[in-house]
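# Coordinate analysis (summary)
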Amino acid sequence: MFDDPRLNLARGALGEVRVVHDPTLPSRVMRLVNTDGDEFFAKQHSERDRYTRELHAYLAWGSRLIGHVPRVVGRQDRTCTLLLTAVPGVRADTVAPGSPEEEQAHYEAGRVLGKLHHATSAPRTGAVGTELAQRLRGWIARADRADLISKVERDRLNHNADVLANTLMDSAVCHLDYQPRNWLIGDAFGLCDFEHMRRDARIRDFTRLEFRRWQAVPSLRTAFFAGYGQPLNDTEQRLLESFGAIEAVTALVRGHEQDDLSLSTHGRTVLTRLT
């Protein structure tokens, strides 16, 4: 523990700190409290590109979401370690399903994401779709090599790749893991985990919500877009279905590689809907 880069970074930046055990956190994230009782999180990445992306996201785009996101108060590039302030609140995935609190969380999530998208939006081009189609085809090849998909499923996934490659779509800075486990409900709506954040197709930022919660509870989709201020039109909804292909095949491959049954099951469920 005393040689832990996260703890060393925190002590250098904050002085004396206490580690708070939190079983809900991934092993690479540490919750800390300083002598004034202020909470912080120290996070060490195992992949340098994710560290670089998350650091850039907080520094470049955190100013668009002041009051909603952590601030970087320390970093160590050599060990890919970040020290972040804590945003007060409880994780949104801990509220009771079907409760008014859950619906309010989706409304606030839509409002805050709308601020980020609006501030960073760019006009429609074909470049975004082409890149996403290439990425999807790479995941299809991985699933095929692992014998995770049938010929019919492969053909359907490739059809969705063709749709993406031939669709003009607007872009924005996207969180790309936008779901309740990364939302914090408190005096203000909080948002964390920026390691996937980059410019991407704007509609893609709704994919995990669409395929992991909204289809079962459409009222949450309604609440979200009431906050977002711009509901999806029919064309955008169809595009969201094509992004479901990426959701399905990545879940299948990662579930297989990580021996994660729940992730594999989710990928299979989404793929069945698409085919």
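### Things to note about the overall build of the protein
- When helices and strands are tallied, the protein shows nine helices and 11 strands.
- For 275 residues, the compact-globule formula gives about 19 Å, and the C-alpha radius of gyration of the protein, at 20 Å, lands near that figure.
- When its C-alpha atoms are laid out on the principal axes, the protein stretches across 60 × 40 × 35 Å.
- In the protein, buried positions account for 49% of the 275 residues.
- The contacts of the protein with a sequence gap of at least 6 include a subset with a gap of at least 24, amounting to 69%.
- Taken as a whole, the protein presents about 13500 Å² of accessible surface, with 50% of it coming from carbon and sulfur.

### Thoughts on the pattern of salt bridges
- The tally for this structure, following the rule as stated, stands at 30 salt bridges.
- A salt bridge links Arg-31 to Glu-39, with the shortest nitrogen-to-oxygen separation between them at 2.7 Å.

### What to know about the layout of surface pockets
- Of the volumes computed, that of the largest pocket is approximately 1400 Å³.
- Taken together, 45 residues line the largest pocket, and the ones lying closest to its centre are Pro-26, Arg-28, Arg-181, Asn-182 and Asp-193.
- Those elements that place two or more of their residues in the lining of the largest pocket are β2 (29-34), β3 (39-44), α2 (48-61), β5 (81-85), β6 (90-91), α6 (207-214), α8 (234-257) and α9 (261-274).
- A breakdown of the residues in the lining of the largest pocket according to their chemical character gives 15 nonpolar, 12 polar and 18 charged.
- A volume near 440 Å³ is recorded for the second largest pocket.

### Let's talk about the nonpolar core
- Core analysis: the biggest nonpolar cluster contains 59 residues, and Leu-164, Tyr-178, Trp-183, Phe-206, Phe-224 and Phe-243 have the highest contact counts within it.
- When residues of this core are assigned to their parent elements, the largest contribution, nine residues, is made by α8.
- The contact partners of Phe-206, leaving out residues within four places of it in the chain, are Leu-113, His-117, Trp-214, Phe-224, Phe-225, Tyr-228, Leu-232 and Leu-240.
- Listed in part, the nine residues of the second largest apolar core include Leu-9, Ala-10, Leu-32 and Ala-42.

### Quick look at the environment of Val-29
- Within the fold, Val-29 resides in strand β2.
- Taking relative accessible area as the criterion, Val-29 reaches 16% and is therefore assigned buried.
- Setting aside its immediate chain neighbours within four residues, Val-29 contacts Arg-6, Phe-41, Ala-42 and Lys-43.

### Considering the confidence of the model for the protein
- Of the residues in the protein, 99% reach a pLDDT of 70 or more, and the chain-wide mean stands at 94.
- Mean pLDDT across the elements of the protein bottoms out in strand β7 (residues 122-125) (89) and peaks in β5 (98).

Definitions and limits used
- Residues numbered from 1 in each chain as written.
- Predicted model: local features only at pLDDT ≥ 70, side-chain atom pairs only at ≥ 80, totals over all residues.
- Heavy atoms only, no water.
- Helix = DSSP H or I, 4+ residues; strand = E, 2+ residues; numbered from the N terminus.
- Rg over C-alpha atoms; globule rule 2.2 N^0.38 Å.
- Buried < 20%, exposed > 50% of the residue type's maximum accessible area, 1.4 Å probe, protein only.
- Contact = heavy atoms within 4.5 Å.
- Areas by Shrake-Rupley, 256 points an atom, 1.4 Å probe, with all protein chains shown as cover.
- Salt bridge = Lys/Arg side-chain N within 4 Å of Asp/Glu carboxyl O.
- 1 Å grid on protein atoms, 1.4 Å probe; cavity = no way out; pocket = protein on both sides within 12 Å on 5 of 7 lines; lining within 4 Å.
- Points joined across faces, edges and corners; volume = space filled by probe spheres on them.
- Nonpolar A, V, L, I, M, F, W, Y, C, P; charged D, E, K, R; others polar.
- Core = buried A, V, L, I, M, F, W, Y, C linked by side-chain atoms within 4.5 Å.
- pLDDT = per-residue confidence, 0-100.

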